[in-house]
Amino acid sequence: MVRVLVAAIVAMMASIVVAPTFIEYLRRNEMGQHIREEGPQGHVTKQGTPTMGGLLILLCAMFPFLALSHYTLASLTVAFIAVGCGLIGFLDDFIKYRHRRSLGLSGRWKLLLLALITLGTGLLAHHMHYPTWVYIPALGHLPLGPGWYLLLFFIIAGSANGVNLTDGLDGLASGTGIISLFTFMAMSVIAFIRSSPSPGLRSTSRLDLALLAAALIGGLIGFLWYNAFPA
């Protein structure tokens, strides 16, 4: 359990220390947000606000995760999803920067790339022999068959786009992300403790999942210091 706390602290400190240099680099290279002319006038002041904060969060979080993890397939799968979605966001911001416009990667390409991430996730889950059913109260276990991949796509694409939609206001995406990840971390910690009465026989994969969530929380807390109003 000490690993979980250490991962959060290291990621947070790295984010706080690295962020000023990272933000200055973005400002110096004019890698800022472009605001649509037809948007609210109140958003005009956000013109030029540095983007690509997700890259900072992921880099600061992945360092302690990879240093402290047991490299279980379950945690690496979740890390793969996080990094994959982060790379899509980076590509979207980079296209905005290159073309000097508010429109980045088209929705079609985003969905295609998210579908590829879903396919990779599904194959890894199949390798781990995870079931493809869902439990519905009063109905029991409902087998989904190939529809399980569709559900997986909606979960991944919905989560990624949900973060993207909340990212327009200072600190909103970071704040809601911390709340969601804290819940995920708490569930993983409880599952780890309940996996066996003997500490030496408890599930390392559940511990790694908690560790990954804690590292991401730490990265987000450090980033939130600079992303809060005015970002």
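What counts and how
Residues numbered from 1 in each chain as written. Predicted model: local features only at pLDDT ≥ 70, side-chain atom pairs only at ≥ 80, totals over all residues. Heavy atoms only, no water. Patch = residues over 30% accessible without salt bridge, like charges linked within 9 Å, V, L, I, M, F, W, Y side chains within 5 Å. Areas by Shrake-Rupley, 256 points an atom, 1.4 Å probe, with all protein chains shown as cover. Salt bridge = Lys/Arg side-chain N within 4 Å of Asp/Glu carboxyl O. Helix = DSSP H or I, 4+ residues; strand = E, 2+ residues; numbered from the N terminus. Expected span 1.5 Å × (residues − 1). Buried < 20%, exposed > 50% of the residue type's maximum accessible area, 1.4 Å probe, protein only. Arc of directions from axis to C-beta. Axes fitted to C-alpha atoms, helices over the stretch in contact; angles between N-to-C directions. Parallel < 35°, antiparallel > 145°, perpendicular 65-115°, else oblique. Left-handed = near helix turned anticlockwise from the far one by under 90°. Contact = heavy atoms within 4.5 Å. Nonpolar A, V, L, I, M, F, W, Y, C, P; charged D, E, K, R; others polar. Pairing = 2+ DSSP bridges. Polar contact = N/O pair within 3.5 Å; in protein donor to acceptor, adjacent residues only side chain to side chain.

Q: For this particular structure, what's the right way to read a nonpolar patch on the surface?
A: Taken together, the side chains of Leu5, Ile9, Met13, Ile16, Val17 and Val18 make up a nonpolar region of the molecular surface, amounting to roughly 510 Å² of accessible area. With respect to the helices and strands, Val17 occurs in helix α1 (residues 2-28).

Q: Can you help me understand helix α5 (residues 147-166) in this one?
A: Turn by turn, an α-helix covers 3.6 residues, leaving residues three or four places apart pointing in a common direction. Relative to the 28 Å expected for 20 residues at 1.5 Å per residue, α5 spans 28 Å between its end C-alpha atoms, a close match to the ideal helical length. Along α5, the positions that sit buried rather than exposed are Trp148, Leu152, Phe153, Ile156 and Ala157. Buried residues along α5 cover an arc of 160° about the axis, so they all sit on one side. Opposite the buried face of α5, at more than 90 degrees from it, the exposed residues are Phe154 and Leu165.

Q: Is there a simple way to explain the packing of helix α4 (residues 107-127) against α5 in this structure?
A: For any two helices packed against each other, the geometry comes down to the angle between their axes and how far apart the axes lie. The geometry of α4 relative to α5 is characterised by a closest axis approach of 9 Å and an angle of 130° between their N-to-C directions. Classified by the interaxial angle, the pair formed by α4 and α5 is oblique. The two elements α4 and α5 cross, and the hand of that crossing is right-handed. When α4 is examined against α5, the residues Lys110, Leu111, Leu114, Ala115, Ile117, Thr118, Thr121, Gly122, Leu123, Ala125 and His126 are found in contact with a partner set consisting of Trp148, Tyr149, Leu152, Phe153, Ile156, Ala157, Ala160, Asn161 and Asn164. For the contact of α4 with α5, the per-class residue count stands at 13 nonpolar, 6 polar and 1 charged.

Q: I tried to follow the pairing of strand β2 (residues 140-143) on my own but got confused; where do I start?
A: The side chains of a regular strand alternate, first on one face of the sheet and then on the other. In the sheet, strand β1 (residues 133-136) pairs with β2 via 4 bridges, with the strands oriented antiparallel. Within the sheet, the bridge partner assigned to Ile136 lies in β2 and is Gly140. Between β1 and β2, which pair antiparallel in sequence order, lie 3 residues; one of them, Ala138, sits at a positive phi of approximately 75°.

Q: Could you clarify how one ought to interpret the side chain of Ser188 in this entry?
A: Positionally, Ser188 belongs in helix α6 (residues 172-194). Its relative accessible area of 7% is what places Ser188 among the buried residues. At 3.0 Å, the side chain of Ser188 forms a polar contact with the backbone oxygen of Phe184. Beyond its immediate sequence surroundings of up to four residues, Ser188 is in contact with Arg206, Leu209 and Ala210.

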